[in-house]
Amino acid sequence: MTKKLKIAFQGEPGANSHIAIAEAYPDAEPMPCPTFEDALAAISSGEADLGMIPIENSVAGRVADIHHLLPASGLFIVGEWFLPIRHQLMALKGVKLADIKSVESHVQALGQCRRTIRKLGIKPIVAGDTAGSARDVSERGDRTVAAIASRLAAEIYGLDILAEDIEDEAHNTTRFVVLAREAKWAAQGSGPLVTSFVFRVRNLPAALYKALGGFATNGVNMTKLESYMVDGNFFATQFYADVDGHPDDRGLAFALEELKFFSREFRILGVYPGNPFRATFSETQD
């Protein structure tokens, strides 16, 4: 009998990360963890085989904690998954929408439903995660409090859905990365690939401009570039980037060689298949 993959995620049963695991790895065993640090530690220790971790959302932007935690974790990206996010407003059985005075959820979920919350005139309260807020509402028994979470969470915790799909934007989608203890690069030429890496440029005039010039001259498409401070230092900036292709592709190899010349630190986080969902948001050429 084949052992089930155990996949760690941050949150409680019914969280969007749980749903992403169920879609991407339907035969796996989801492993809920209280925090991102706990989820990454479970992968590092071998308690979990993989991790399903959100990295960015089309409405709320990047999940800031991950950009700090991932490079320091020593883990590697081996895949990605895109999940359209559908938020449900839920409360105890029999409660009416008019009874609700406040709503609890993860800060990103509250931000993604801002217009609906304002329209209903209820007070938003930040909670640890979406599914956890649903569990809390179920356990506390307060009939004036609602939660914003997934349809799965409503089923798990026995709540009524008072308003469906209340997200402000129909395109609301979260991108997850699949993490593993060991690097497992996708084979060159095996289809559309993504290479993710982090780097810090040397403290020289125009170093970033020079470091990135090779991607333009070698025709490499950079789909993501983000900066963030290192250890709270205003003058120590690390960059996270995604590019199309494999590091052994001629153009990308030249671009990375140039990048490394102008960088004091460089590390590839993963080389993995681009999810087919990427084809649905290709930029239209004028």
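In what follows, the structure referred to is the one given above.
The paragraphs below set out a description of the structure included in this document. Model, not experiment: these values are computed from the prediction. (Residues numbered from 1 in each chain as written. Predicted model: local features only at pLDDT ≥ 70, side-chain atom pairs only at ≥ 80, totals over all residues. Heavy atoms only, no water.)

**Quick notes on the overall build of the chain**
1) Next: The helix and strand inventory of the chain stands at nine helices and 15 strands.
2) Next: In summary, the chain has a C-alpha radius of gyration of 21 Å against a globular reference of 19 Å for 286 residues, a match within 12%.
3) Next: Counting the 286 residues in the chain, one finds 49% classified as buried.
4) Next: Partitioning the contacts of the chain with sequence separation of at least 6, the portion at a separation of at least 24 is 74%.
5) Next: Summed over its atoms, the accessible surface of the chain is roughly 14,300 Å², and 53% of this surface lies on carbon and sulfur atoms.
6) Next: Mean positive and mean negative side-chain charge positions of the chain (29 and 36 charges, respectively) differ by 3 Å. (Helix = DSSP H or I, 4+ residues; strand = E, 2+ residues; numbered from the N terminus. Rg over C-alpha atoms; globule rule 2.2 N^0.38 Å. Buried < 20%, exposed > 50% of the residue type's maximum accessible area, 1.4 Å probe, protein only. Contact = heavy atoms within 4.5 Å. Areas by Shrake-Rupley, 256 points an atom, 1.4 Å probe, with all protein chains shown as cover. Lys, Arg positive; Asp, Glu negative; His and termini not counted. Charge placed at Lys NZ, Arg CZ, Asp CG, Glu CD.)

**Considerations on the packing of helix α8 (residues 207-217) against helix α9 (residues 250-261)**
1) Next: Orientation of α8 relative to α9, taken along the N-to-C sense of each, is 175 degrees, at an axis distance of 8 Å. Between α8 and α9, the angle falls in the class roughly antiparallel. Between α8 and α9, the residues in contact are K210, A211, L212, G213, G214 and F215 and L252, A255, L256, E258 and L259, respectively.
2) Next: For the contact of α8 with α9, the residue count by class is seven nonpolar, two polar and two charged. (Axes fitted to C-alpha atoms, helices over the stretch in contact; angles between N-to-C directions. Parallel < 35°, antiparallel > 145°, perpendicular 65-115°, else oblique. Nonpolar A, V, L, I, M, F, W, Y, C, P; charged D, E, K, R; others polar.)

**Some points on the sheet that holds strand β6 (residues 88-91)**
Adjacent strands of a sheet form backbone hydrogen bonds with each other and so pair up, either parallel or antiparallel.
1) Next: Spatially, five strands are ordered β8-β7-β9-β6-β10 in an open sheet, and the strand pairing comes out mixed. Each of the sheet's edge strands pairs with one partner strand only, and the pair in question is β8 (123-126) and β10 (160-163). Strand-to-strand, the axes of this sheet are offset by a mean angle of 35 degrees, without reference to chain direction.
2) Next: Direction of pairing for β6 relative to strand β9 (residues 145-149): antiparallel, over a ladder of three bridges. Within the sheet, the bridge partner assigned to L89 lies in β9 and is I148.
3) Next: Seen against the sheet, helix α6 (residues 130-140) touches β6, β7 (102-105) and β9 and runs at an angle of roughly 155 degrees to β9. (Pairing = 2+ DSSP bridges.)

**Overview of the environment of F261**
1) Next: Structurally, F261 can be placed in helix α9.
2) Next: Looking at F261, the relative accessible area reads 59%, which means it is exposed.
3) Next: C-alpha separation for the pair F261 and I156, spaced 105 residues apart in sequence, amounts to 53 Å.

**Some remarks on the packing of aromatic side chains**
1) Next: Counted by the stated rule, this structure contains six aromatic pairs.
2) Next: Each ring, one from F82 and one from F277, has its centre 5.1 Å from the other, and the planes form 15 degrees; the classification is stacked. Placement of the pair is F82 in strand β5 (residues 76-84) and F277 in the segment after β15 (263-273), with a sequence separation of 195 residues.
3) Next: Consider the rings of F197 and F215, whose centres lie 6.1 Å apart with planes at 10 degrees: the pair is stacked. Linking F197 in strand β12 (residues 193-201) with F215 in helix α8, this pair joins segments that are 18 residues apart in sequence. In this pair, the class of F197 matches that of F215, namely buried. (Phe/Tyr/Trp six-rings, centres within 6.5 Å; stacked < 30°, edge-to-face > 60°.)

**Overview of the nonpolar core**
1) Next: Within the largest apolar cluster, 40 residues are counted, with the highest numbers of intra-cluster contacts made by V103, A134 and I148.
2) Next: Counting 24 residues, the second-largest nonpolar core is a separate cluster that includes M31, I53, I55 and V177. (Core = buried A, V, L, I, M, F, W, Y, C linked by side-chain atoms within 4.5 Å.)

**Here we look at the environment of F239**
1) Next: Among the secondary structure elements, F239 is positioned in strand β14 (residues 233-244).
2) Next: A relative accessible area of 11% places F239 in the buried class.
3) Next: With 129 residues separating them along the chain, F239 and L110 place their C-alpha atoms 28 Å apart.
4) Next: When near neighbours in sequence (up to four residues on either side) are disregarded, F239 contacts F197, V198, F199, L208, L225, E226 and S227.

**Digging into the pattern of salt bridges**
1) Next: For the coordinates displayed, the defined rule picks out 17 salt bridges.
2) Next: With a shortest N-O distance of 3.5 Å, R62 and E226 are connected by a salt bridge. With R62 in strand β4 (residues 61-62) and E226 in strand β13 (residues 222-230), the pair connects residues that are 164 residues apart, well separated along the chain.
3) Next: For R62, a relative accessible area of 30% corresponds to the partly exposed category.
4) Next: Overall, E226 belongs to the buried group, its relative accessible area being 17%.
5) Next: Note that K93 and D160 form a salt bridge whose closest N and O atoms lie 3.2 Å from each other. Residue K93 is found in the loop between β6 and β7, and its partner D160 is found in strand β10; the two are separated by 67 residues along the sequence. (Salt bridge = Lys/Arg side-chain N within 4 Å of Asp/Glu carboxyl O.)

Remember that the coordinates give geometry; whether it matters functionally is a separate question.
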